[in-house]
Amino acid sequence: MLKRTPLFAAHQKLGGKLIEFGGWEMPVQYSSITDEHLCVRRSAGIFDICHMGEALVTGPGAEAFLNETLTNDVRKLTVGLGQYSQMCNERGGTIDDLYVYRIAPMEFLLIINASRIEIDVAWLQERICQSQHRSGVIFENASDRLGAVAIQGPRVVEFINQLFPGGALAGMTGVQASELKKNQIGAWPFSGQKVWVARTGYSGEDGYEVVAPASVIEEVWTKALALGHTVCIQPCGLGARDTLRTEVCYPLYGHELDENTSPIEAGVGFFVALDKGEFVGRTVLAEQKAKGATKKSIAFKMTGAAPPPRPGYPIFINGAKAGDVVSGTQSPSLNCGIGMGFVPPASAEVGSKIEIEIRGRKFPAEIVKKPIFRKA
Amino acid sequence: MSQVLPELKYAKSHEWVRITGDTATVGITDHAQHELTDVVFVELPVAGRTVKAGEACAVVESVKTASDIYSPVGGEIIEVNSAVSSNPALVNTEPYTGGWFYKIKLANQAEASALMDAASYKAQIGG
């Protein structure tokens, strides 16, 4: 039985086309992936991300525990600030990639992937048991009681203060929603509940992510759609979410990252703070950073008329198989096939001509610098 | 609501067939293009290829997925629509006219007669 988010009825009412994703029944699109994608790049779109998991790590040992468990340095987070991070196993492989916010001096909110909730929760609980800080850490899997929506696009800032009026009551206390800077988070009262609003997203555009009790998430959704009407906001499905993040080369767990792929290999080593002291996976990650890994993530563009590249298609370099595509689609912004994949580091040079094999035929492509799409 | 033209024959897998003497023109229905949305690539068979009824012989790609197109009738492909290769959006905008896929010389007229009429196809798609 597939799980449904609190917005399921709203999706049906809007004519969303529903598919299975990570055990959830989610909208892949409402009108068309291309329309929704371009609407986010141009103006505004809203996404149901209630399927994503939320965990709260609280207490005097929370900071020290997270710093020995995650790759990034949470000590850098002041109250009201978030950062992207990975959580690795001892082999440097990635358990999950996530966002961590410090919402109070001793309270952290983690946003984790839908398909990884159970694994992450088990991993974190096990790590807490083994940690010397265990007596000072309280852990809660809040995934069921909290929902989330992403409101993304350059014109969202025009109506965000109407959705969440006044200054934040917690996090970035006193700051208006429109004044939040990238990665900052604040709490606003909404329909008698406390909701968290962060200036973050997965689209490569300006925008916000809202984490709210499941009981009010539909009201946030409905109100955002109504207020965003003036900028022609559109509800957007997972299809546009995937094309948007692929254009800007954000990793998707299960594609660019998995338990056998490190953040260094996936090209997100910037979020691995090797200088912060010991943490899970550090030995392997430090070695990969110093000596190089055995595979490297590349971004590519198809250079001629070709079917869209898809995950699993083989990558050929100089006529020999060099790796596989892990993400691929037709870019609505560039109107050509784009993707990411893994190849040996020696073959990963930007500008190299490669080929993608599609149904037995090879089509020309070129390794390009990340992100594949950058706004003019 | 999807358009179903009365003069065409239909396959369960959402292809349409227009029969003119011993040749047939094949494309995908308005309902099919609605379901696919955003057609970004069409791979057509080569002219001269002989296909059996039910054989996968073309591929339609939307942003999200690749879908096989099955020939509703058997015979020799005599012409393909190069306009749809260079402008795949024709499948969305003109599924029954400019968005046709190929013409085929029918190997067996009975296969064409066995296809669904407009009323049966309408019933299948719940329209």
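In this report, the structure presented in the accompanying data block is examined. (Residues numbered from 1 in each chain as written. Chains lettered and ligands numbered in written order. Predicted model: local features only at pLDDT ≥ 70, side-chain atom pairs only at ≥ 80, totals over all residues.)

**Quick notes on the overall build of chain B**
Defined as follows: Helix numbering and strand numbering both begin at the N terminus, where a helix is a DSSP run of H or I of at least 4 residues and a strand a DSSP run of E of at least 2. As defined in this context, the radius of gyration uses C-alpha atoms, and a globule is described by 2.2 Å times the residue total to the power 0.38. Think of it as a crowd count around each C-beta: if 20 or more other C-beta atoms lie within 10 Å the residue is buried, if 12 or fewer it is exposed, and in between it is partly exposed, with C-beta placed from the backbone throughout. With C-beta atoms placed from the backbone, a contact is any residue pair whose C-beta atoms sit within 7 Å.
Each helix and strand counted, chain B has 5 helices and 9 strands in total. Ordered by position from N to C terminus, the α and β elements of chain B give β-β-β-α-β-β-β-β-β-α-α-β-α-α. In terms of overall dimensions, chain B is globule-like: its C-alpha atoms have a radius of gyration of 13 Å, near the 14 Å expected for 127 residues. Judged by the C-alpha coordinates and their principal axes, chain B covers about 35 × 35 × 20 Å. By the burial criterion, 43% of the 127 residues in chain B qualify as buried. Taking all contacts inside chain B whose residues are at least 6 apart in sequence as the whole, residues at least 24 apart take part in 64%.

**Considering the interface of chain B and chain A**
Filter applied, for reference: All residues other than Ala, Val, Leu, Ile, Met, Phe, Trp, Tyr, Cys, Pro, Asp, Glu, Lys and Arg, Gly among them, are scored as polar; the first ten of these are nonpolar and the last four charged.
With 9 residues of chain B at the contact, the number on the chain A side is 13 residues. In terms of residue count, the dominant contributor to the side of chain B that touches chain A is strand β4 (residues 39-43) of chain B (3 residues). Among the residues making up the side of chain B that touches chain A, the classes are represented as 4 nonpolar, 1 polar and 4 charged.

**Here we look at the pairing of strand β2 (residues 15-20) of chain B**
All names here are of chain B. Quick note on the threshold: Two strands qualify as a pair provided that DSSP identifies no fewer than 2 bridges between them.
By the bridge criterion, 2 bridges tie strand β1 (residues 9-10) to β2 in an arrangement that is antiparallel. When the bridges of β2 are listed, lysine 9 appears paired with valine 17. Between the end of β1 and the start of β2, which pair antiparallel, lie 4 residues, with histidine 14 showing a positive phi angle near 75 degrees. In textbook terms, the turn of a hairpin is the stretch between consecutive antiparallel strands, and for β2 and strand β3 (residues 23-28) this stretch comprises 2 residues, one of which, glycine 21, has a positive phi near 60 degrees.

**A short note on the pairing of strand β13 (residues 207-213) of chain A**
Residues and elements named next belong to chain A. Counting buried positions along β13 yields 6 of 7 residues, so the element is predominantly enclosed. Here strand β9 (residues 146-152) pairs with β13 via 7 bridges, running antiparallel. Residue pairing in the sheet places isoleucine 151 in a bridge with tyrosine 208 of β13. As paired elements, strand β12 (residues 193-198) and β13 share 3 bridges and run antiparallel to each other. Residue alanine 198 lies in a different strand from β13, and its bridge partner there is glutamate 209.

**Some thoughts on the environment of asparagine 92 of chain B**
Residue and element names in this part refer to chain B. Mapped onto the fold, asparagine 92 is located in helix α3 (residues 90-93). A tally of 18 C-beta atoms within 10 Å means that asparagine 92 is categorised as partly exposed. Setting aside residues up to four positions removed in sequence, asparagine 92 forms contacts with Gln33 and Val39.

**Brief notes about the sheet that holds strand β8 (residues 75-80) of chain B**
All names here are of chain B. With antiparallel pairing, the 6 strands of this open sheet are ordered in space as β1-β2-β3-β9-β8-β5. The open sheet terminates on both sides in strands that have one partner only, identified here as β1 and β5 (50-51). Strand direction decides the pairing type here: β5 and β8, joined by 2 bridges, are antiparallel. Its bridge partner being in β8, threonine 50 is matched across the sheet by glutamate 76.

**Things to note about the sheet that holds strand β4 (residues 53-58) of chain A**
Residues and elements named next belong to chain A. What counts here: Helix axes are fitted to C-alpha atoms over the stretch in contact, other axes to C-alpha atoms as well, and angles between N-to-C directions run from 0 to 180 degrees.
The 5 strands are arranged β5-β6-β7-β4-β8 in an open sheet whose pairing can be described as antiparallel. Each having just a single partner strand, β5 (81-88) and β8 (138-141) make up the two edges of the open sheet. Between one strand axis and the next, the sheet turns by 25 degrees as a mean value, whatever way the strands run. Pairing analysis gives 8 bridges linking β5 to strand β6 (residues 94-104), with the strands arranged antiparallel. Across the sheet, the residue bridging to serine 85 is leucine 98, located in β6.

**Brief notes about the packing of helix α2 (residues 33-42) of chain A against helix α7 (residues 238-247) of chain A**
Residue and element names in this part refer to chain A. Under the convention used in this document: Each angle is binned into one of four classes, with values under 35 degrees roughly parallel, values over 145 roughly antiparallel, values of 65 to 115 roughly perpendicular, and all other values oblique. Working rule for handedness: look at the near helix, and if it is turned counterclockwise from the far one by less than a right angle, call the crossing left-handed; if clockwise, right-handed.
Viewed as axis vectors pointing N to C, α2 and α7 meet at an angle of 55 degrees, and their least axial separation amounts to 8 Å. One element, α2, and the other, α7, form an angle in the oblique class. Remark: the crossing between α2 and α7 carries right-handed chirality. From α2, Ile33, Glu36, His37 and Val40 reach across to α7, where they touch Gly239, Ala240, Thr243 and Leu244.

**Quick notes on unusual backbone geometry**
Comment: phi is negative for the bulk of residues other than glycine, and the bulk of peptide bonds are trans. Residues and elements named next belong to chain A. A cis geometry characterises the amide bond from lysine 370 onward to proline 371, with omega recorded as -5 degrees. You can see proline 371 is positioned in the segment after β20 (361-368). Look at arginine 359: it is not a glycine, yet its phi comes out positive at around 50 degrees. Along the chain, arginine 359 falls in the loop between β19 (353-358) and β20. Given 10 C-beta atoms within 10 Å, arginine 359 falls into the exposed group.

**Some thoughts on the environment of glutamate 126 of chain A**
Within the secondary structure layout, glutamate 126 of chain A lies in helix α4 (residues 117-130). Between the alpha carbons of glutamate 126 of chain A and alanine 64 of chain A there is a distance of 16 Å; along the sequence they are 62 residues apart.

**Let's talk about α4 of chain A**
Turn by turn, an α-helix covers 3.6 residues, leaving residues three or four places apart pointing in a common direction. All names here are of chain A. Keep this limit in mind: Take the number of residues in a helix, subtract one, and multiply by 1.5 Å to get its expected span. Here the arc refers to the set of directions running from the helix axis out to each C-beta atom.
With 14 residues, α4 should reach 20 Å at 1.5 Å per residue; the first-to-last C-alpha distance of 20 Å fits that figure. All of the buried residues along α4 are Ile117, Asp120 and Leu124. Each buried residue of α4 sits inside an arc of 65 degrees when the element is viewed along its axis, so together they form one side. Exposed and facing more than 90 degrees away from the buried side of α4 are Glu118, Ala122, Gln125, Glu126, Cys129 and Gln130. Against the buried residues of α4 lie β4, β5, β6, β7 (107-112) and β8.

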